[in-house]
Amino acid sequence: MRFLSAALILSTAPAFAFEPGSHGDPLQDQGYFVGCYSGEEGGSACEIHASGAIFLASSEGPSEPEAMNALAALPAGSPVSFTGDMISMGDVTVDLALNSVAPNPDDEMAPLVAALQGSWAKDGATVEIIGLQWDEIDTASYMISLSTGCTDGPDRGTPHLNLYQMGGDPFESICLEVVASEVGKITLRDVDSGSEVLLTR
């Protein structure tokens, strides 16, 4: 899967609630808690967005109950550090056995992520951002991977949004540099074309 670098896969780990690797490839990552939802047949699933992917942990699966409870108690949008095993992977979704989770108050991107949330106008169209999912209504949906440069370029030292189209080419992304963020307006720059991308509300 394009979003998970080898550096995130754990070869060794301290003792957790279950032995890392018991249910799939182990990982350690940082991301943002989106929320927990009740299932139609009972149980619940909690969602974390990280590394351009949607991690789903189910209360009916092998996730550690204490970790699930700790995650569910956090406010939506909270930056978190988490560990777990990747049971299966789709295009942008990962079925996760959650092992541990903790708030990540030192996340430098958290204020930007908080500012991005909600509905925006872009070139006369509506963009809805929830967690790190960017939906252009009736057009396309993307997952955002945050970094200080484009995925295939050097570190530029400023926040960048790398947008991967859901269902699209996993190796192609739109790289948007964050130029300015203020109440009701976020100014971005398409690194490839140099054109301005303006989000307003």
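Residues numbered from 1 in each chain as written. Predicted model: local features only at pLDDT ≥ 70, side-chain atom pairs only at ≥ 80, totals over all residues. Heavy atoms only, no water.

> With reference to specific residues and values, describe the state of the cysteines.
By the definition in use, this model includes two disulfides. Paired by a disulfide, Cys36 and Cys46 hold their sulfur atoms 2.0 Å apart. Negative torsions about the S-S bond denote left-handed disulfides, and the value of about 100° found for Cys36 with Cys46 makes this one right-handed. Here the residue Cys36 occupies a position in strand β1 (residues 25-38), and Cys46 occupies one in strand β2 (residues 44-50), the gap between them amounting to 10 residues. Assessed through its relative accessible area of 31%, Cys36 is described here as partly exposed. In this model Cys150 forms its disulfide with Cys175; the gap between the sulfur atoms is 2.1 Å. Handedness of the Cys150-Cys175 disulfide follows from its S-S torsion of about -90°: it is left-handed. Note that Cys150 is positioned in the loop between β9 (140-147) and β10 (160-165) and Cys175 in strand β11 (residues 174-182), a separation of 25 residues in sequence. Accessibility assignment for this pair places Cys150 and Cys175 in one class, buried. (Disulfide = S-S within 2.5 Å. Helix = DSSP H or I, 4+ residues; strand = E, 2+ residues; numbered from the N terminus. Buried < 20%, exposed > 50% of the residue type's maximum accessible area, 1.4 Å probe, protein only.)

> Describe the packing of aromatic side chains, naming the residues involved and giving the relevant values.
Going through the model one piece at a time under the given rule, you end up with one aromatic pair. Ring centres of Phe55 and Phe82 lie 5.4 Å apart, and the angle between their planes is 65°; on these two criteria the pair is classed as edge-to-face. Separated by 27 residues along the polypeptide, Phe55 in strand β3 (residues 53-58) and Phe82 in strand β4 (residues 79-89) bring together distant segments of the chain. (Phe/Tyr/Trp six-rings, centres within 6.5 Å; stacked < 30°, edge-to-face > 60°.)

> Explain the side chain of Glu64 residue by residue, including any values.
Within the element layout of this structure, Glu64 appears in the loop between β3 and α1 (65-72). What Glu64 contacts, discounting residues up to four positions off in sequence, is Ala17, Phe18, Leu98 and Asn99. (Contact = heavy atoms within 4.5 Å.)

> Could you give me a rundown of the pattern of salt bridges, with the residues and numbers involved?
According to the stated counting rule, one finds two salt bridges in the structure shown. Between Lys122 and Glu136 there is a salt bridge; the shortest N-O distance is 3.5 Å. Taken together, the residues span a long stretch of sequence, with Lys122 in strand β6 (residues 118-122) and Glu136 in strand β8 (residues 133-136) at a distance of 14 residues. Given the relative accessible area of 16%, Lys122 is considered buried. In this structure Glu136 comes out as buried when scored by relative accessible area, which is 16%. The partner of Arg189 in a salt bridge is Glu177, with the nearest N and O atoms 2.9 Å apart. Here the residue Arg189 occupies a position in strand β12 (residues 185-190), and Glu177 occupies one in strand β11, the gap between them amounting to 12 residues. (Salt bridge = Lys/Arg side-chain N within 4 Å of Asp/Glu carboxyl O.)

> Tell me about unusual backbone geometry, and please be specific about residues and values.
Despite not being glycine, Ser51 has its phi angle at roughly 55°, a positive value. Mapped onto the fold, Ser51 is located in the loop between β2 and β3. Phi is positive for Asp138, close to 65°, though the residue is something other than glycine. With a relative accessible area of 82%, Asp138 lands in the exposed category.

> Talk me through the nonpolar core; I want residue IDs and the actual numbers.
The tendency in soluble globular proteins is for nonpolar side chains to be buried side by side. Within the largest apolar cluster, 25 residues are counted, with the highest numbers of intra-cluster contacts made by Ile129, Trp134, Leu161, Leu188 and Leu199. For this core, the elements supplying multiple residues, two or more each, are α2 (110-116), β7 (125-130), β9, β10, β11, β12 and β13 (196-200). Other than its neighbours up to four places away in sequence, Leu188 contacts Trp134, Leu161, Leu176, Glu177, Val178, Val179, Ser195, Glu196, Val197 and Leu199. (Core = buried A, V, L, I, M, F, W, Y, C linked by side-chain atoms within 4.5 Å.)

> Which residues make up α1, and what values do they have?
What α1 keeps buried is the set Ala67, Met68 and Leu71. When α1 is viewed along its axis, its buried side chains cluster within an angular range of 100° and face the same direction. For α1, the exposed residues lying more than 90 degrees away from the buried face are Pro65, Glu66 and Asn69. The secondary structure elements touched by the buried residues of α1 are β1, β2, β3 and β5 (93-103). (Arc of directions from axis to C-beta.)

> Would you mind going over the side chain of His160 in detail, with residue names and values included?
On the secondary structure map, His160 appears in strand β10. Residue His160 is classed as buried on the basis of its relative accessible area, which comes to 0%. In this structure the side chain of His160 is engaged in a polar contact, spanning 2.7 Å, whose partner is the backbone oxygen of Thr158. If we ignore the near neighbours within four places in the chain, the residues touching His160 are Ser145, Leu146, Ser147, Thr148, Gly149, Cys150, Cys175, Leu176, Glu177 and Val191. (Polar contact = N/O pair within 3.5 Å; in protein donor to acceptor, adjacent residues only side chain to side chain.)

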